[in-house]
Amino acid sequence: MASTTSNAPLVTRRAQRLLGILLVIPVTLMMIFFFILPLGNALVYSVVDFDGISSNPPFIGLANFQEMFADDAVWHALKNNVIWIIIGTITPIVVGLLIALLLWGIERGSLLYRLIFFMPFVLPGVAVGIVWGWIYDPLQGLLNQSLGALGLDALQRGWLGDPTWALYAVLATAIWGGTGFSIVIFISALRNVDTELVDASRIDGANGPARLWFIILPQIMPVFLMVLTLTLVGGFSVFDIIFVMTGGGPADATETIGTYAYDQAFQLSRIGYGTTLALLITVLSVPFAVLINRLQRRLSLQGMGA
Amino acid sequence: MRKPAVVLAASLLSLTLGGCFGGSPAAEQSAPPQASSGPVEIRYLIGQPESPEDLANIKAGLKMFEAGSNGITVKLDVVPAENMKTILQTQLRSNEGPDVFNYDTGPGFGGALAKAGLIHDLTPAYAKYNWPIYDFAKQRVTFSGKLSGIPSQLEEIGVFYNKDIFAKNGLSEPQNLNDLMAAATKIKETGVIPMTLADKEGWQGGHLLSMALSSEVGSDGMMKFISGETPWNDPAVVNALKVWSDMYEQKLLTPSPTAVGYDNANALFYSGKAAMNPTGSWLAQEIERQSKGKFEVGFIPFPSTTGKGIFSGGLGSGTFVSANSKKIDASEKFLNFLVSPEYGKYSVEKLQDIPAFPVDTSGIKATPLFTQVLADTAKIADGTGDFGYNIDVLTNDAFNNAMSKGIQGIMSGQSDPTKVAESLQKNFKKPTA
């Protein structure tokens with residue numbers, strides 16, 4: 001194995017090594033206390049039958065994992081997660097990118113637009129859920145009243161109580177709340193796009209979609225992948241907005257792995273099984289995050305990106 | 001280099017394992033050291049009351065205690081009722097629990113805490129203070145032969161109805177289920193919601209089944225279900241669920257009940273937009289506040305196919321002392337105040353909260369509705385009335401979960417009474433002595 005040697009004096013090399021250790025210590029401690037220990041705890045919980053109270057729960061081996069794979073409710077919740085991931089990832093990114101492109105060339109009032117679009121993202125998820133819960137109320141809600149005023153009474157329904165629509169109603173709220181993030185990030189990325197290339201492609205006859213696909217997107221690809229990673233991983237672990245708006249109901253219609261894990265752990269006092277379900281979220285989401293991260297790094301090394 | 005790595009790994013492992021299950025429950029330890037001198041502050045944890053007025057009255061009651069407590073003060077902590085279980089269990093497990101707390105008495109609640117040794121045994125305090133709690137109520141807080149709490153809040157579940165809407169439509173108080181269905185159908189034709197029903201939260205499902213089933217099978221029949229003698233997939237359960245299923249199908253309930261929260265459903269009743277409200281006597285005070293000067297309210301049991309039916313009655317909750325409290329003596333003195341005639345009368349008059357011990361109600365200014373509730377619950381106490389049971393405070397967590405989700409399924413067209421009854425039986429666990 002080849003080793004690299006430094007020509008720097010020994011004292012300097014020691015100082016560099018010490019500095020390196022000092023710089024790494026805070027992150028290492030954070031990793032230990034906020035990632036490794038909780039993960040270790042979760043692994044321990046997943047092999048015991050812990051009810052949240054007993055101090056000496058029985059060891060049950062892989063029984064929680066066996067139960068998880070045989071549990072129909074898990075597959076139902078996973079199906080909802082997949083719907084959430086597909087719609088909840090694609091929509092904010094596509095809508096966010098389109099709005100960012102519209103705002104790209106705007107100088108006047110650009111700050112105001114950004115403020116308006118970003119506002120829902122900074123609102124607490126619980127507040128957003130409660131307010132949209134009112135909007136969706138079957139009797140007094142703004143949505144049904146507006147539909148009634150427009151003569152569309154046939155479309156009125158109890159949005160959050162209708163098993164066919166409830167998940168999409170919550171998803172629409174989440175998209176409303178999350179798109180502002182994509183917009184602001186994409187606007188920032190677009191500022192670094194080489195406009196001379198865009199102008200040149202326009203002169204060469206490239207239309208809008210072609211300019212976006214061949215000129216703009218490659219330049220903002222690392223940022224695009226970063227937004228994709230965050231929304232995708234958020235889709236796996238979605239919890240708060242569903243918990244506030246429907247609690248996973250009616251009768252499991254909007255249950256995702258996150259809400260199901262909470263139910264099992266805290267409503268049914270099955271901390272062990274709930275933790276096993278939470279581990280499933282990690283196992284499913286980490287490979288996606290790693291894959292996109294590697295792609296992002298490769299593109300950066302190739303010199304692409306804003 | 002290996003040794004530090006091994007030490008680090010061992011430290012991480014011990015931290016991981018140590019952080020998982022916390023310390024041993026108090027029952028396995030010696031009694032915690034007690035505060036023996038000076039002013040004592042005890043922390044009292046309760047779930048959020050129905051209204052700010054109720055909370056203000058609770059605080060005023062605590063002031064009464066502090067006025068005569070010789071230096072014991074009470075710090076009141078209020079948490080959302082739906083989060084009580086999670087918060088309380090976490091606090092008790094980490095030895096950061098309240099000294100005194102109000103909590104459900106069911107096997108999955110107070111029973112589970114008592115089993116884990118997290119609740120202080122009050123048997124000696126019962127003997128010392130001679131608390132006059134009704135025997136049937138004491139049974140609900142007795143776990144493994146130990147008296148673990150002070151039962152409170154005698155309550156009944158039935159149907160509040162707007163007497164003015166009934167009179168306007170020429171309807172009288174329903175005498176059986178057919179009467180109720182006929183009245184609801186007639187009210188629906190006038191554009192008023194016959195029965196306001198919330199099932200967004202899910203817990204209401206337990207009350208719906210409790211009242212329909214109690215009226216149909218009576219208290220003895222209910223006890224057979226709760227003890228496991230009769231299976232939960234019995235036709236009586238299917239029929240009781242079918243009553244609600246039929247009302248949903250015939251649009252006699254709030255549109256989309258699973259999209260409507262408890263407060264919103266109650267608001268429909270307060271505003272006169274709904275004629276009936278199936279809920280418990282704990283809401284009587286708020287209903288009277290909201291309907292005052294607008295309409296008269298009656299309170300009846302949910303009718304059975306053959307008659308007027310019976311109320312589902314029982315205990316709402318209990319007050320417990322944490323086993324890890326360092327102020328057990330002061331906590332017991334506080335409990336002694338809660339079962340005093342003075343506070344009993346106060347809680348009836350101001351909180352409309354009926355204690356599980358005899359209270360002299362003479363001279364109490366009670367509205368007709370609350371006078372009726374008082375008279376009814378007195379029959380629970382002296383055993384002269386036939387009362388059904390509120391199922392969810394007597395059954396296990398998995399059963400309650402199946403009940404609330406199953407009834408949500410019925411109320412959203414995803415399930416049917418037979419399937420729900422089968423699920424109840426599958427998840428039912430016979431109570432242990």
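Residues numbered from 1 in each chain as written. Chains lettered and ligands numbered in written order. Predicted model: local features only at pLDDT ≥ 70, side-chain atom pairs only at ≥ 80, totals over all residues. Heavy atoms only, no water.

Caption draft 1: Structural detail: the overall build of chain B. When helices and strands are counted, chain B shows 17 helices and 11 strands. With the principal axes as the frame, chain B shows a C-alpha extent of 80 × 60 × 35 Å. By sequence separation, contacts in chain B at least 24 residues apart represent 76% of the contacts at least 6 residues apart. Carbon together with sulfur atoms contributes 53% to the accessible area of chain B, which is approximately 18500 Å² in total. Here chain B contributes 38 positively and 44 negatively charged side chains, and the mean placements of these two sets differ by 6 Å. (Helix = DSSP H or I, 4+ residues; strand = E, 2+ residues; numbered from the N terminus. Contact = heavy atoms within 4.5 Å. Areas by Shrake-Rupley, 256 points an atom, 1.4 Å probe, with all protein chains shown as cover. Lys, Arg positive; Asp, Glu negative; His and termini not counted. Charge placed at Lys NZ, Arg CZ, Asp CG, Glu CD.)

Caption draft 2: Inspection of the overall build of chain A at higher detail. When helices and strands are tallied, chain A shows 12 helices and zero strands. For 306 residues, the compact-globule estimate of 2.2 N^0.38 gives 19 Å, and the C-alpha radius of gyration of chain A, at 24 Å, exceeds that figure by more than 25%. Taking the principal axes of its C-alpha atoms as reference, chain A extends roughly 70 × 65 × 30 Å. Going through the 306 residues of chain A one by one, you find that 42% of them count as buried. When contacts within chain A are restricted to residue pairs at least 6 apart in sequence, those whose partners lie at least 24 apart make up 69%. Summed over all atoms, the accessible surface of chain A reaches about 16900 Å², with 69% contributed by carbon and sulfur. Between the mean site of the 14 positive side-chain charges and the mean site of the 17 negative ones, chain A shows a separation of 19 Å. (Rg over C-alpha atoms; globule rule 2.2 N^0.38 Å. Buried < 20%, exposed > 50% of the residue type's maximum accessible area, 1.4 Å probe, protein only.)

Caption draft 3: Expanded view of the environment of S46(A). Residue and element names in this part refer to chain A. Secondary-structure assignment places S46 in helix α1 (residues 10-46). According to the relative accessible area criterion, S46 is buried, its value standing at 1%. When the C-alpha atoms of S46 and T179 are compared, they prove to be 35 Å apart, with 133 residues separating the residues in sequence. In contact with S46, not counting residues within four places along its chain, are G61, N64, F65, G272, T276 and L279.

Caption draft 4: Inspection of the interface of chain A and chain B at higher detail. On the side of chain B, 39 residues touch chain A, which itself brings 38 residues to the contact. Roughly 2900 Å² is buried in total at the junction of chain A and chain B, and carbon and sulfur atoms are behind 60% of that figure. Here chain A is connected to chain B by three salt bridges. A salt bridge links D263(A) to K405(B), with the nearest nitrogen and oxygen atoms 2.9 Å apart. At the junction of chain A and chain B, the tally comes to 11 residue pairs in polar contact (both at pLDDT 80 or more). Of all elements in the fold, only α1 and α11 (257-267) of chain A reach the threshold of two or more residues within the side of chain A that touches chain B. For the side of chain A that touches chain B, the element with the most residues is α1(A), which contributes seven residues. In terms of residue class, the side of chain A that touches chain B is built from 20 nonpolar, 12 polar and six charged. (Buried area = accessible area lost by both parts, 1.4 Å probe. Salt bridge = Lys/Arg side-chain N within 4 Å of Asp/Glu carboxyl O. Polar contact = N/O pair within 3.5 Å; in protein donor to acceptor, adjacent residues only side chain to side chain. Nonpolar A, V, L, I, M, F, W, Y, C, P; charged D, E, K, R; others polar.)

Caption draft 5: View of the pairing of strand β10 (residues 312-321) of chain B. All names here are of chain B. β10 sits mainly inside the fold: 10 of its 10 residues count as buried. Direction of pairing for strand β3 (residues 100-103) relative to β10: antiparallel, over a ladder of four bridges. By the bridge assignment, V100 is partnered in β10 with V321. One ladder, built from eight bridges, connects strand β6 (residues 149-162) with β10; its direction is antiparallel. (Pairing = 2+ DSSP bridges.)

Caption draft 6: Representation of the confidence of the model for chain B. Residue and element names in this part refer to chain B. The predicted model of chain B averages 89 in pLDDT, with 91% of residues at 70 or higher. By mean pLDDT, the top-scoring element of chain B is strand β7 (residues 193-195) (98), and the lowest-scoring one is helix α1 (residues 2-21) (64). Prediction confidence for the complex, expressed as pTM and ipTM, is 0.85 and 0.83 respectively. (pLDDT = per-residue confidence, 0-100.)

Caption draft 7: Inspection of the packing of aromatic side chains at higher detail. Considering all chains together, one arrives at 34 aromatic pairs over all chains under this definition. Ring centres of Y134(B) and F136(B) lie 6.1 Å apart, and the angle between their planes is 20°; on these two criteria the pair is classed as stacked. With relative accessibility at 23%, the residue F136(B) sits in the partly exposed group. Through a chain of ring-to-ring contacts, the aromatic side chains of Y44(B), F65(B), F334(B), F337(B), Y343(B) and Y346(B) assemble into a single cluster. Sitting over the face of the ring of W159(A), R157(A) holds its NZ or CZ atom 5.5 Å from the ring centroid. For the cation-ring pair, K85(B) lies above F109(B), with the distance from its terminal atom to the ring centre recorded as 5.1 Å. (Phe/Tyr/Trp six-rings, centres within 6.5 Å; stacked < 30°, edge-to-face > 60°. Lys NZ or Arg CZ within 6 Å of the ring centre and 35° of its normal.)

Caption draft 8: Summary view of helix α2 (residues 52-67) of chain B. Under the 1.5 Å per step criterion, the end-to-end length of α2(B) is 23 Å for 16 residues, consistent within 8% with the ideal 22 Å. Against β1 (40-47), β2 (72-79), α12 (284-291), α13 (328-338) and α14 (341-350) of chain B lie the buried residues of α2(B). (Expected span 1.5 Å × (residues − 1).)

Caption draft 9: Quick peek at empty space enclosed by the protein. All names here are of chain B. Here the structure, examined in full by the defined rule, presents four cavities of 30 Å³ or more. The computed volume of the largest cavity comes to approximately 100 Å³. If you go around the largest cavity, you meet 13 residues; those closest to its centre are A198, Q204, Y262, P278 and T279. Put simply, the parts of the chain that give the lining of the largest cavity at least two residues each are α9 (204-227), α11 (262-270) and β8 (274-280). For the lining of the largest cavity, the residue count by class is seven nonpolar, six polar and no charged. (1 Å grid on protein atoms, 1.4 Å probe; cavity = no way out; pocket = protein on both sides within 12 Å on 5 of 7 lines; lining within 4 Å. Points joined across faces, edges and corners; volume = space filled by probe spheres on them.)

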